[in-house]
Each structure stands twice: as structure tokens, then as C-alpha cells.
Amino acid sequence: MRKVKVLMAAIMAGALLVGCGTTGTTGSSSSAGNNTSQQEVIKLGADVTFPPFEMMKDGKVTGFDIDLIKAIAAQENLKIADPIQTMDFQGLIPAIQTGTIDVAVAGITITSAREQQVNFSKPYYHSGLSILVKNDSTINGLADLKGKTVAVKLGTTADIMLSKDQGINMKRFNNIDDAYNELQNGGAQAVVFDNPVNLNYINTGHNNVKVVGSLLTGEDYGIAVTKQNSQLLQKINDGLDKLKANGQYEKLYRQYFKSDNNGLVNK
């Protein structure tokens, strides 16, 4: 009987050792899993009516800004939640403020008013507003917009700037394509919008329009980030610095803007 008891005790002890070993393995696996789970997930918002920075292609959100934020995320062990949330431009900053999204990309110009609402990354693109007109237009610059109907995208810097001029008849659209269509069908004599997007419109088969005059503004685009997460802002800035240092930023820039150096930010 004693031998049986000793044998049973040995079996139970062995079982306990096996059990401890299994728990250790699970813990190790759990720890590895935790490393994955510690990868910060960010909710990204974008306005996809801003080519070539953001656009829809084959049902997917793509563009320079999208590729840039994905490259930054890869550098900083961040994970972008799927799907990317798409919305009108003027809804992006409110969405950050309410926590619907953490980060927004949409060629967002850094302004003091917007900096009161969200944080911005370091600038990643130099831009400015330009005037787009039909080839036969007599408009040559800002002064010629007096008394004319001008199409703009709602809530953009063009909308804000031109709204201060009472001599211009404004037509506002949520989608820049609608503003371009208004110009094409004669409902507006000009479109004022970000120059790289105006140039992209010309270069994608619209050879009956042109940009006139000099740039109306000098602007810098930044990635908008919630004010509730200063560490996330730091990671995005660090990632952007790394991409500039290793040449990946410029490579991505060349992919979308070819030989144009006007928007390139090297510092």
C-alpha cells in the first residue's frame, strides 16, 4: 500500500512539473503575443478627394500621404487600423477632437487656428494656392477675380482666404472634383486650390485649363494628431525624420511628383 502511495505521489509530482512547464510555455507565448499587442494601433482618417495625396483606386485608399503615413508607421512599430476612415475634409479635425480618429492626412495646411485644435507633425510638403482657369480666360491673377465666380473646396485655406474678399462670388463644394466640374461647365470662372492638386488635374487629361499668376500663399502640410497623445506625435516626427535620413521619403516623393522639387522638404 505504501508503495502504491509513493508511486501515486510520484505521478502527481510529475504531472505538476509538466503543468508548470506548460504554463511557462504559454506565458512565453503570451509574452510574445503581448509584444505584438503592444504595437500601438492608430485610427487614421483621410479625405480621398485630394489627388495625388489621397484618392480611391480600385476600392482602396491610396496616395502620397497614405504611403507616407504607412512608412512612418512601419518605422515606429505602429499599426494603422483597418479600414482607414474616409470623410469630408472639414470633418477630419472634429473627428480627431472627439476621438473618432487619432491621426488625419489630407494635405492639411498647418495654421495657427488649427494648431489650437490638434497637434501637427513637422512639415512634410511645401505647397501654396494657385488659380486654375480655362485656357481662353482673361484672368491672370488674384486681382482679376473681383466680380468673378470662384469655386473652392469647403473649409480649405482657399475658402478661408477668399471669403475675406467681398468682391468675389464664392461657390463651395465638399469635393474638389465638383469645383473643377463647375469650372468646366461654365458655372465658375476659376478654381482656387492647392497648386499640386491643380497641376495634377491638368496632368490627368484636362488640357483645356491652366494655372495663372504666381502662388497666392506659401503653405506647409502637416499630419494632424490628437492632442491627447503627445507620444504618438513624437513617434510620427521620429518616423518622418528617419524616412528623410534614409532616403525613403524622397523616393516616395519622386514616385508621385516625378522631377518637381517645389514641395520637397529635406529638413
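Everything below is about the structure shown above.
Right, let's walk through the structure included here. Model, not experiment: these values are computed from the prediction.

Cut-offs applied
- Residues numbered from 1 in each chain as written.
- Predicted model: local features only at pLDDT ≥ 70, side-chain atom pairs only at ≥ 80, totals over all residues.
- Heavy atoms only, no water.
- Pairing = 2+ DSSP bridges.
- Helix = DSSP H or I, 4+ residues; strand = E, 2+ residues; numbered from the N terminus.
- Axes fitted to C-alpha atoms, helices over the stretch in contact; angles between N-to-C directions.
- Contact = heavy atoms within 4.5 Å.
- Parallel < 35°, antiparallel > 145°, perpendicular 65-115°, else oblique.
- Left-handed = near helix turned anticlockwise from the far one by under 90°.
- Nonpolar A, V, L, I, M, F, W, Y, C, P; charged D, E, K, R; others polar.
- Core = buried A, V, L, I, M, F, W, Y, C linked by side-chain atoms within 4.5 Å.
- Buried < 20%, exposed > 50% of the residue type's maximum accessible area, 1.4 Å probe, protein only.
- Right-handed = clockwise from strand over helix to strand, strands pointing away.

What to know about the sheet that holds strand β13 (residues 190–194)
Here's step 1: Read across the open sheet, the five strands follow the order β12-β11-β13-β10-β14; overall the sheet is mixed. With partners counted over all chains shown, the strands left at the sheet margins are β12 (169–173) and β14 (209–212), one partner each. Taken over all neighbouring pairs, the strand axes of this sheet differ in orientation by 30° on average, direction set aside.
Here's step 2: Taken together, the two bridges between strand β11 (residues 149–153) and β13 define a ladder with parallel strand orientation. Looking at β13, one finds that valine 150 is bridged to alanine 190.
Here's step 3: Packed onto the sheet, helix α6 (residues 176–184) meets β10 (129–134), β11, β12, β13 and β14 and runs at close to 155° relative to β13.

Considering the packing of helix α2 (residues 64–75) against helix α9 (residues 248–257)
Here's step 1: Put simply, α2 and α9 touch, their axes get as near as 10 Å, and they point 165° apart. Put simply, α2 runs roughly antiparallel to α9. Here the hand of the crossing between α2 and α9 comes out right-handed. Contact residues: Phe64, Asp67, Leu68, Ala71 and Gln75 in α2; Gln248, Tyr249, Leu252, Tyr253, Gln255, Tyr256 and Phe257 in α9.
Here's step 2: For the contact of α2 with α9, the per-class residue count stands at eight nonpolar, three polar and one charged.

Description of the nonpolar core
Here's step 1: Membership of the largest hydrophobic core comes to 49 residues, with the highest contact counts inside it found for Phe64, Leu68, Val103, Val191, Ile223 and Tyr249.
Here's step 2: Here the element with the most residues in this core is α2; it accounts for seven residues.
Here's step 3: The contacts of isoleucine 223, once residues within four sequence positions are left out, are Ile69, Ile72, Val103, Ala104, Val105, Asn119, Phe120, Ser121, Tyr124 and Ile236.
Here's step 4: Core analysis: the second largest hydrophobic core is formed by 14 residues, Val150, Leu162, Met170 and Val212 among them.

Looking at the pairing of β12
Here's step 1: Sheet topology note: the β11/β12 ladder contains five bridges and is parallel. Each residue of the ladder has a partner; that of threonine 149, found in β12, is asparagine 169.
Here's step 2: For the crossover from β11 across helix α5 (residues 157–162) to β12, the handedness is right-handed.

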